Structures are given as C-alpha cells and as structure tokens.
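# Results of the structural survey
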Amino acid sequence: EGLDAPVFRIRETLGSDVFDAVTLDAAHNSLMQAYGSVPDDWRTIASVKTTSDFKNVNAARLGGMGNLTTVAENMEYTMLAQADEKVTYPIEKRGNLLSISMEAQFGDQIGAFNSQSELLGKSAKNTLNEFVLGTLFDDNPTCDYDSVALFAAGHSNTSATSPLSHDNLEKAIAGIINQTGVASEKIYLRPKALIVPPARVLLARELIRSATLDYGGRAVVGSAGASAAAPGGASNAIPDFLSIVLASPHIDASSGANQYVVADHPVIEVSFLRGETEPAILREPEQTGRSFITDSITWKVRHVYGGDVIEHRAAYRLVN
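Throughout what follows, the structure given in this document is the object of discussion. These numbers come from a predicted model, not from an experiment. (Residues numbered from 1 in each chain as written. Predicted model: local features only at pLDDT ≥ 70, side-chain atom pairs only at ≥ 80, totals over all residues. Heavy atoms only, no water.)

## A word on the packing of aromatic side chains
The following threshold applies: Aromatic pairing here means that ring centres of Phe, Tyr or Trp (its six-membered ring) are within 6.5 Å. Orientation follows from the plane angle: under 30 degrees is stacked, over 60 is edge-to-face, and everything else is tilted. Runs of H or I in DSSP of at least four residues are treated as helices and runs of E of at least two as strands, each being numbered from the N terminus. Whether a residue is buried, partly exposed or exposed follows from its accessible area with a 1.4 Å probe, protein chains only, as a fraction of its type maximum: under 20%, in between, or over 50%, in that order.
This model, assessed by the stated rule, comprises six aromatic pairs. An angle of 80° between the planes, with centres 5.4 Å apart, marks the rings of Phe137 and Phe151 as edge-to-face. Of this pair, Phe137 sits in helix α4 (residues 110–138) while Phe151 sits in the loop between α4 and β5 (158–159); the two residues are 14 residues apart in sequence, bridging distant segments of the chain. Note on Phe137: relative accessible area 0%, which makes it buried. Assessed through its relative accessible area of 3%, Phe151 is described here as buried. Each residue in the set Trp42, Phe131, Phe272 and Tyr305 is aromatic and connected to the rest through ring pairs, giving one cluster.

## A few points about unusual backbone geometry
The backbone phi angle of Ser184 is positive, close to 65°, even though this residue is not glycine. Structurally, Ser184 can be placed in the loop between α5 (166–177) and β6 (191–196).

## Considerations on the sheet that holds β6
Test applied: Only strands joined by at least two bridges in the DSSP assignment are considered to pair.
Taken in spatial order, the five strands make up an open sheet running β5-β14-β10-β6-β9, and their pairing is mixed. Every other strand in the sheet has two partners, leaving β5 and β9 (244–247) as the edge strands with one partner each. The pairing of β5 with strand β14 (residues 315–319) spans two bridges and is classified as parallel. Paired with Ser159 across the two strands is Leu318, which belongs to β14.

## Points about the environment of His28
Note on placement: His28 falls in helix α2 (residues 16–37). On a C-alpha basis, the gap between His28 and Pro279 in space is 9.4 Å, while along the polypeptide they are 251 residues apart.

## Some details on the pairing of strand β12 (residues 280–283)
Only one face of β12 is buried: it carries Ile281 and Arg283, and the other face, with Ala280 and Leu282, is open. Pairing between β12 and strand β13 (residues 296–309): four bridges, direction antiparallel. Paired with Ile281 across the bridge in β13 is Val301.

## Describing the pattern of salt bridges
It is possible for side chains bearing opposite charge to pair when their charged atoms get close. In plain terms, the rule: Here, a salt bridge means any Lys or Arg side-chain nitrogen found within 4 Å of an Asp or Glu carboxyl oxygen.
Summed over the entire model, instances satisfying the criterion amount to six salt bridges. Arg43 is paired through a salt bridge with Asp40; the nearest N and O atoms lie 4.0 Å apart. On the accessibility criterion, Arg43 (39% relative accessible area) is partly exposed. Between Asp40 and Lys125 there is a salt bridge; the shortest N-O distance is 2.9 Å. Here Lys125 lies in helix α4 and Asp40 lies in the loop between α2 and β1 (46–51), a separation of 85 residues in the sequence. A residue is classified by how much of its surface remains accessible, and Asp40, at 36% relative accessible area, is partly exposed. Judged by its relative accessible area of 1%, Lys125 falls in the buried class. Look at the salt bridges and you will find they share partners, linking Asp40, Arg43 and Lys125 into a network.

Written as structure tokens, this is what we have:
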C-alpha cells in the first residue's frame, strides 16, 4: 500500500521505531519546504545574529564617534569621547503542538498528515515576518536606547500628509542621507528599498521602474483620494537610490497607509538560538506522555529567537 496507506498500517508494517524515524524525517522535510516557500521579507530591514543561550542580548548601534581632532606640533593627543546607547532584548521560544488521534490514524494517509507539517512551516515564517515587519517596525515601537518611538519627529524620520509620490520619495531619501550618528557625525547611509502595503504596490513599482517621471502616464494619488497631475517626462532618478520594492501584508494599510524608505543598514537585529534560523520539529515517542494518555501522535514545532530596533536612522516613514 506504500505511503498512501493509513498511518496505523504503516506503523504496523515498519515497526514503531522505524515509523517514528521515517515520519519525523518526512515531517521535517515538509516543514522546511513550506518554511522556505514563504518569502524572507523580514531580512530587508534586519540583520542576523547568533546567541548561545537565553541570556538577554546586547546589540551594538551605528556610529558614536565624532571627527578626529587636529593635533598641533609637539602637542598631546586628546581622548575622543565615545557615545554609547544600549539595546538589550530577550530570546523567546515560539511554537505549538500538532496531534493526530488514534481514530484519525485509521483513516488518515501519511501524505495528508504531512500537509499539517507544511502549515506549521508557513506559520513559523509568517510569525517571524510579523515579528520583524509588524511588531518591531510598522507598529512603531518605543526604542529602548532613547525611549522615543521608532518613527518620530525627534528622530527626523517621519513625514505626515505625504502620499507616495516622486517629491515625497525625494524627501525620504534626503532624510536618510542627512541623518547623523550618536556623536553628530556623518554616517553615510544609502537608501535601498521602498516598503509599502499591498494596496500601494503598483504605484510603488511605477515610481521605481519608470524611465521618466510620467510613471506610464499614471497620476499620483493624494491622501484625500484626488488625483494630482503627473510630473513631466524628465528622466526618473529614483532607481539610482531605490532598487527594491517590497509589498508586505504585514504593513497595515488601514493605519494611515504608511510606506517606508529603508537604508543599507539594518533597522532591526534578530538573534537566533545557536544560529538556527529555521524552526525545529520534534515527535513525542509513542506510548509516552500525551501519546500514552490520549492514544495520539504528537508533534512539536519550535522556533527560538529575539530581536529589537537598533537603528531608527536607517528608515524613513511617509504617512498619507
């Protein structure tokens, strides 16, 4: 009957030990394939770090030293002051259990059971994308290092009543390039990507990819929904700065229709336990624990990581 046979019959044919190994391997492969099928959108704004335990992680921030001091002949060098802003965040476990009862095993096929592992894999990647792009970015959290919201006037990285347009993208690009470090030093950030909610993806791609400022003849839509006149046919220089358009469902279009320009430096840092960026799937041995009490097969998916905002200067928000 092969792998299309009911689960209980496969177990009887192979023996419990072999069955455990075979189904765990199959579930792992299904989980990894599904996990990889969901885009790694979170990497657009985040860097990856490894941690060896569950202790709080300390993150390093960009910059912190001013320009070098001129030293006159026969004079001593002076100590350069170094600013320090601390970011600390916890490592947390995320996961769930998946169980199939004895009754279901008598009618279920192993392929159908593996499909549940695929759902777990997609759920794990969705959770990671939401954590980075939603919770730590679009939700505008408070930065640990200065107790100011990620996007705030005090951070010089937000602009209200700024619908997606050529002029407002120019404002965002300039805003990122003009940012200075902790010690007011130049930090030379370079914009690289435009992140928008799905409702803005077509306009965003036209703005980025059009050779001229006509955007294919399409007018720019303002915050009130009225069309503004499209610019003339001059050469479009935006692609010289922004080469990536990311339309993410984790950017909430209902909360002001935010769109973001991000730089070539991470806004978020994410640390994975032992460097394991992919989730793990484990199977409870038969006739133990929950399996013994409920006559079921139980699986556990586990993903361990933590993260936080490390650099507000690397992103600029445009709010309709």
